[in-house]
Amino acid sequence: QVLLVESGGGLVQAGASLRLSCAASGRTISSYIMGWFRQAPGKEREFVAAVSRIGGRTDYADYVKGRFTISRDNAKNTVYLQMNSLEPEDTAVYYCAADESRGLLRTKADEYEYWGQGAQVTVSS
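Numbering of residues begins from 1 in every chain and follows the order in which that chain's sequence is written. The predicted nature of this model means local features are confined to residues of pLDDT at least 70 and side-chain atom pairs, given and counted, to a pLDDT of 80 or more, with totals for whole chains, interfaces and linings taken over all residues. To obtain the side-chain values, all non-hydrogen atoms of the structure were included, while hydrogens and water were left out.

Engineer: Honestly, the side chain of S52 in this entry has me stumped. Any pointers?
Structural biologist: Each helix is a run of DSSP H or I of at least 4 residues and each strand a run of E of at least 2, with the numbering of both proceeding from the N terminus. Secondary-structure assignment places S52 in the loop between β5 (46-51) and β6 (58-60). Here a residue-residue contact requires only that any non-hydrogen atoms of the pair lie within 4.5 Å. Those residues in contact with S52 that sit more than four places away from it in its chain are R57, R72 and L105.

Now the structure itself:
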């Protein structure tokens, strides 16, 4: 079992950047596809980005494509989400997740087995 802890959230103005980190413990993240999801108040949790085990493949939701970048450092057991050109619509709690399946990068929350506690990102206009 892997434990995930997010950090790096905060309050920023529109147009600013933030980098979220997801530190894992208990097991190496090289065993998992890693993803980021977010959930705004009153909305369902939605997919943001995913990265394959070694980092060779990535996938992004259309609404963050070109602005957000997911990456991983397996040696540090950490996954990152670089968020640029933030918009008020990006305000949400951001969750790191791990998927132990093999194959395609998954975009549905119920396909991920392990979750962090979340990090709040608030973007003011």
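Engineer: What should I look at first to understand the nonpolar core in this one?
Structural biologist: Ranked by size, the top nonpolar core spans 38 residues in total, and within it L4, M34, W36, L81, M83 and Y94 carry the most contacts. Those elements that provide at least two residues to this core are β3 (18-25), β4 (33-39), β5, β7 (68-73), β8 (78-83), β9 (92-99) and β11 (119-124). With near-sequence residues (within four places) excluded, M83 lies in contact with A16, S17, L18, L20, R67, F68, Y94 and V121. Only buried Ala, Val, Leu, Ile, Met, Phe, Trp, Tyr and Cys residues count toward a nonpolar core, and they belong to the same one when joined by side-chain atoms within 4.5 Å. Under the scheme applied here, a residue whose accessible area is under 20% of the maximum for its type counts as buried, over 50% as exposed, and between as partly exposed, the area being computed with a 1.4 Å probe on protein chains only.

Engineer: Looking at this structure, I do not really get the sheet that holds β3. What am I missing?
Structural biologist: Strand pairs in the sheet, formed through backbone hydrogen bonds, run parallel or antiparallel to each other. Ordered in space as β1-β3-β8-β7, the 4 strands form an open sheet in which the pairing is antiparallel. Bordering the open sheet on either side are β1 (3-7) and β7, each of which pairs with just one other strand. On average, each strand axis in the sheet is tilted by 15° relative to the strand beside it, whichever way the strands run. When DSSP locates at least two bridges between a pair of strands, those strands are taken to pair. Where β7 meets β8, 6 bridges bridge the pair, whose relative direction is antiparallel. The residue bridging I70 from the neighbouring strand is L81, located in β8. For helices, the fitted axis covers only the stretch in contact; all axes are lines through C-alpha atoms, and the angles between them, taken along N-to-C directions, range from 0 to 180 degrees.

Engineer: I tried to follow the state of the cysteines on my own but got confused; where do I start?
Structural biologist: Between two cysteines, a covalent bond joining their sulfur atoms is known as a disulfide. Throughout, a disulfide means two cysteine sulfur atoms within 2.5 Å of one another. Enumeration according to the criterion identifies 1 disulfide in this entry. Here C22 pairs with C96 through a disulfide, and the sulfurs are 2.1 Å apart. The S-S bond linking C22 to C96 shows a torsion near -75°; that makes this disulfide left-handed. Of this pair, C22 sits in strand β3 while C96 sits in strand β9, and the two are 74 residues apart along the sequence. Judged by its relative accessible area of 1%, C22 is buried. On the basis of relative accessible area, C96 is assigned to the buried category, the value being 0%.

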